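So the chains spell out like this:
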Amino acid sequence: MTTAPRTIRQLTETVINQIAAGEVIERPASVVKELVENALDAGATRVEIATAGGGLSLLRVIDDGHGIPPDEIPLAVSRHCTSKLSDDIHAIHSLGFRGEALPSIGSVSRLTLRSRTAEADSANEITVDGGKVGPVRPVAANRGTTVEVRDLFYATPARLKFMKSERAESSAITDVIKRIALAYPDVRFSLTGTDRSSTEFAAVAPDGDGLLQRIAQVLGKEFPENAIPIDAEREGIALSGYVSIPSFSRGNALNQFAYVNGRPVRDKLIAGAIRGAYMDALPRDRHAVTALFLTLDPELVDVNVHPAKADVRFRDPGLVRGLIVGAIRHALEMSGMRAATTGASAMMDKFLRAEAPASHSPAAYRHDYTARPGEPWRAETSPSRPLEAVTPVAAGFAEPRQATFESAVTPSADARAATIEPEPEALKHPLGAARAQVHENYIIAQSEDALVIVDQHAAHERLVYEALKQAIHSRPLPSQMLLLPEIVDLPEEDAERLDAHSAFLSKLGLGLERFGPGAVAVRETPAMLGEVDVHKLVRDLADEIAESDTAETLKERIDHIAATMACHGSVRSGRRLRAEEMNALLRQMEATPGSGTCNHGRPTYIELKLADIERLFARR
């Protein structure tokens, strides 16, 4: 097949803008992101967003920022014109910097830009219709900028075929606003429209309790009650924010919010670091809830690697990952005994929603009996009759009959922890003092202000696992020598990376060394792994080191074996415990980091406050 030679030519400005729009403007939520970021870069303290038709019919963003001078308004809708960037591409201190958003949006929609500075007597307006720029004209408006986008993608109808439902697009816009609002608590955001219910995030203090209030606005009021503060710094990189305790988790990672210098990002390295930090506390199908803020020199991070600036690239990814993993694990260890409040809330809901049996309903106590005229009163048919036939009262208040209860051999619980009241000091412990064991698996404990229910198997499993890990990683792991070294062929760069991490791998029992160009020789493997596919293990390690500059895969495998051993070596369900055994288990839980969840991420105990119990019985 032959084709005629084609002449190289300069594309028109409209086509150039539409190509840029294809990279930057993926859907209505992308437009909202760009416009709101522009408002924040302009110093806005109030941002109002209105939508219709999922953002395809109408998008309007109003801010009270600095505004744009009249002579700069035409430049604002021209490509590569911006006030946010100097000649140094690495000195980026704003959310936007390319100068592509407005011309790209205007090339595929009907855009109206209206702006007024504090010094100006009136506002000015400019329109862009499918890439055609209109003249600037004076209008009346308040200080700030209003950008209105109508008929998004009308100039590129093919793109409309790839849009989702109106509800899905509206939901994506809400998610974008939530992610931005979390990083700017001192800015008021309001989201309204005919296609949604109104959402508003009131402005609060930018730090301390104010930030926690904004987090509660975005992630729900339950999150602050189940959150742990993070505050760490390493080699000029600061990490702050909040993460959830392990027993407060979600089925997906949509509630993991991460920011780099105030910019919302969805970065694989950060997501992997969060997953690694919770590796011992959550199963693979559960995800922590996080709001993490990384602050570092702009020179140490490249934000110009993704058209929508959603991904970033760190100069030292290993340092960033180590900071996140270490800070979260340290916070989890220092958080002490914490049970998710959702466990007690779910229990309360079960009690409160349960319908009362018919015999306990108010109607069951109404006296509906009406004597027939002339019918004599009879005790056996009276609605006030006792449940059992009345017998003469024995002398001494019927001691023989009462003795029947005292001689009963069936206890109310499987095992009682004490026949006398516990010492007051024991009640001061976080998990209190054991009072009983029920169903041969659950320990009932009492503290000064709560009732605690402990799953003995899950709790002991965590204790055994932590002890095994401490024993395993406190010294180099035993290794088994291979009869013949395994030669693994790899790309040269992978072999170099493995060789650079050989000292760390040796501590885990994996002995390897370079074996000529593009190969490594494996002479020892960890004894705990038994028979192992050496080639697959080495290639997995090489892939992980290439992606995140760490070699945690091998450690994860070893910890998984320790978790399996802990599961089989812990107290089994169905075993009766003595009082001292129950209390010893409670004290060990209080002294062990992460004992609020078992190795599989399930809670080991639930705490029901006395105030909640009193509410159940209408005492409060």
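Residues numbered from 1 in each chain as written. Predicted model: local features only at pLDDT ≥ 70, side-chain atom pairs only at ≥ 80, totals over all residues. Heavy atoms only, no water.

Q: Would you take a moment to explain the overall build of the protein for this structure?
A: Counting its regular elements, the protein contains 20 helices and 26 strands. Looking at the protein residue by residue over its 620 residues, the buried ones come to 43%. Total accessible area on the protein stands at roughly 33,400 Å², and carbon and sulfur atoms take up 53% of it. (Helix = DSSP H or I, 4+ residues; strand = E, 2+ residues; numbered from the N terminus. Buried < 20%, exposed > 50% of the residue type's maximum accessible area, 1.4 Å probe, protein only. Areas by Shrake-Rupley, 256 points an atom, 1.4 Å probe, with all protein chains shown as cover.)

Q: Honestly, the layout of surface pockets in this entry has me stumped. Any pointers?
A: Where empty space is left in the structure can be found by rolling a water-sized probe over the atoms. Roughly 1,100 Å³ of internal volume is contained in the largest pocket. Those elements that place two or more of their residues in the lining of the largest pocket are helix H9 (268–277), strand S15 (287–288), strand S18 (313–314), helix H10 (317–334), helix H17 (534–548) and helix H18 (552–569). Along the lines of polarity and charge, the residues of the lining of the largest pocket split into 17 nonpolar, 10 polar and 14 charged. (1 Å grid on protein atoms, 1.4 Å probe; cavity = no way out; pocket = protein on both sides within 12 Å on 5 of 7 lines; lining within 4 Å. Points joined across faces, edges and corners; volume = space filled by probe spheres on them. Nonpolar A, V, L, I, M, F, W, Y, C, P; charged D, E, K, R; others polar.)

Q: Just checking my understanding: could you explain unusual backbone geometry for this structure?
A: Although it is not a glycine, Phe153 sits at a positive phi angle of roughly 70°. Position of Phe153 relative to the elements: it lies in the loop between strand S7 (144–150) and helix H5 (157–160). Given the relative accessible area of 1%, Phe153 is considered buried. The backbone phi angle of Glu440 is positive, close to 50°, even though this residue is not glycine. The partly exposed category is assigned to Glu440, whose relative accessible area is 27%.

Q: Just checking my understanding: could you explain the side chain of Glu590 for this structure?
A: In this structure, Glu590 sits in helix H19 (residues 579–591). One polar contact links the side chain of Glu590 to the main-chain amide nitrogen of Leu431, over a distance of 2.9 Å. Among the polar contacts listed, one links the side chain of Glu590 to the side chain of Arg587, at a separation of 2.9 Å. (Polar contact = N/O pair within 3.5 Å; in protein donor to acceptor, adjacent residues only side chain to side chain.)

Q: Would you take a moment to explain H9 for this structure?
A: Within an α-helix, residues lying three or four positions from one another point in the same direction, as the helix has 3.6 residues per turn. A large share of H9 lies buried, amounting to 7 of its 10 residues. Among all positions in H9, only Leu269, Ile270, Gly272, Ala273, Ile274, Gly276 and Ala277 are buried. Looking at the packing, one finds that the buried side of H9 touches strand S13 (256–260), strand S14 (263–265), strand S16 (290–295), S18 and H10. At the N-terminal boundary of H9, the capping side chain belongs to Asp267, with an oxygen 3.1 Å from the backbone nitrogen of Leu269. (Contact = heavy atoms within 4.5 Å.)

Q: Help me understand the pattern of salt bridges, please; the structure alone is not making it clear to me.
A: Once their charged atoms are close, side chains differing in charge can pair, the charge on each being opposite to the other. For the structure on display, the rule yields 28 salt bridges. A salt bridge links Asp151 to Arg110; the nearest nitrogen and oxygen atoms lie 2.6 Å apart. Taken together, the positions of Asp151 in the loop between S7 and H5 and Arg110 in strand S3 (residues 110–116) put the pair 41 residues apart, joining distant regions of the chain. The partly exposed category is assigned to Arg110, whose relative accessible area is 34%. (Salt bridge = Lys/Arg side-chain N within 4 Å of Asp/Glu carboxyl O.)

Q: Hey, could you run me through the pairing of strand S24 (residues 511–514) in this one?
A: Here is the key point about a regular strand: its side chains alternate between the two faces of the sheet. One ladder, built from 4 bridges, connects S24 with strand S25 (residues 519–526); its direction is antiparallel. Residue pairing across strands places Arg514 opposite Val520, the latter belonging to S25. In sequence, S24 turns back onto S25 through a hairpin of 4 residues, with Gly516 there showing a positive phi of about 80°. (Pairing = 2+ DSSP bridges.)

Q: Looking at this structure, I do not really get the sheet that holds S14. What am I missing?
A: To summarise the sheet geometry, strands pair through backbone hydrogen bonds and adopt either a parallel or an antiparallel arrangement. Pairing in this open sheet of 5 strands is mixed, and the strands run S10-S11-S16-S13-S14 from one edge to the other. Because the sheet does not close on itself, it has two edges, and the strands there are strand S10 (227–234) and S14. Here the average twist between neighbouring strands, direction ignored, is 20°. The pairing of S13 with S14 spans 3 bridges and is classified as antiparallel. Along S14, the bridge assignment pairs Tyr259 with Pro264. Where H10 meets the sheet, it contacts S10, strand S11 (237–244) and S16, and its direction lies at approximately 140° from that of S10. (Axes fitted to C-alpha atoms, helices over the stretch in contact; angles between N-to-C directions.)

Q: Before we go on, may I ask you to explain the packing of helix H14 (residues 456–473) against H19 in this structure?
A: Helix-helix packing: each pair is described by the crossing angle between the helix axes and the interaxial distance. For the pair H14 and H19, the least separation of the axes is 10 Å and the interaxial angle reads 50°. What the angle tells us is that H14 and H19 run oblique. The chirality of how H14 crosses H19 is left-handed. In this structure, H14 uses Gln456, Ala459, His460 and Leu463 to contact H19, whose residues at the interface are Leu585, Gln588 and Met589. Here the contact of H14 with H19 is built from residues that sort into 4 nonpolar, 3 polar and no charged. (Parallel < 35°, antiparallel > 145°, perpendicular 65-115°, else oblique. Left-handed = near helix turned anticlockwise from the far one by under 90°.)

Q: Please explain H10 as it appears in this structure.
A: With 18 residues, H10 ought to run about 26 Å at 1.5 Å a step, and its terminal C-alpha atoms sit 26 Å apart, in line with that. Among all positions in H10, only Gly318, Leu319, Val320, Arg321, Leu323, Ile324, Val325, Ala327, Ile328, Ala331 and Leu332 are buried. (Expected span 1.5 Å × (residues − 1).)

Q: Would you explain the pairing of strand S8 (residues 188–193) in this entry?
A: Looking at chain direction, strand S1 (residues 46–52) and S8 are connected through 6 bridges and run parallel. Bridge pairing in S8 places Ala50 opposite Thr192. Here 3 bridges tie S8 to strand S9 (residues 199–201), and the two strands are oriented antiparallel to one another. Paired with Leu191 across the strands is Thr199, a residue of S9. Between S8 and S9, which pair antiparallel one after the other, the connecting turn spans 5 residues.

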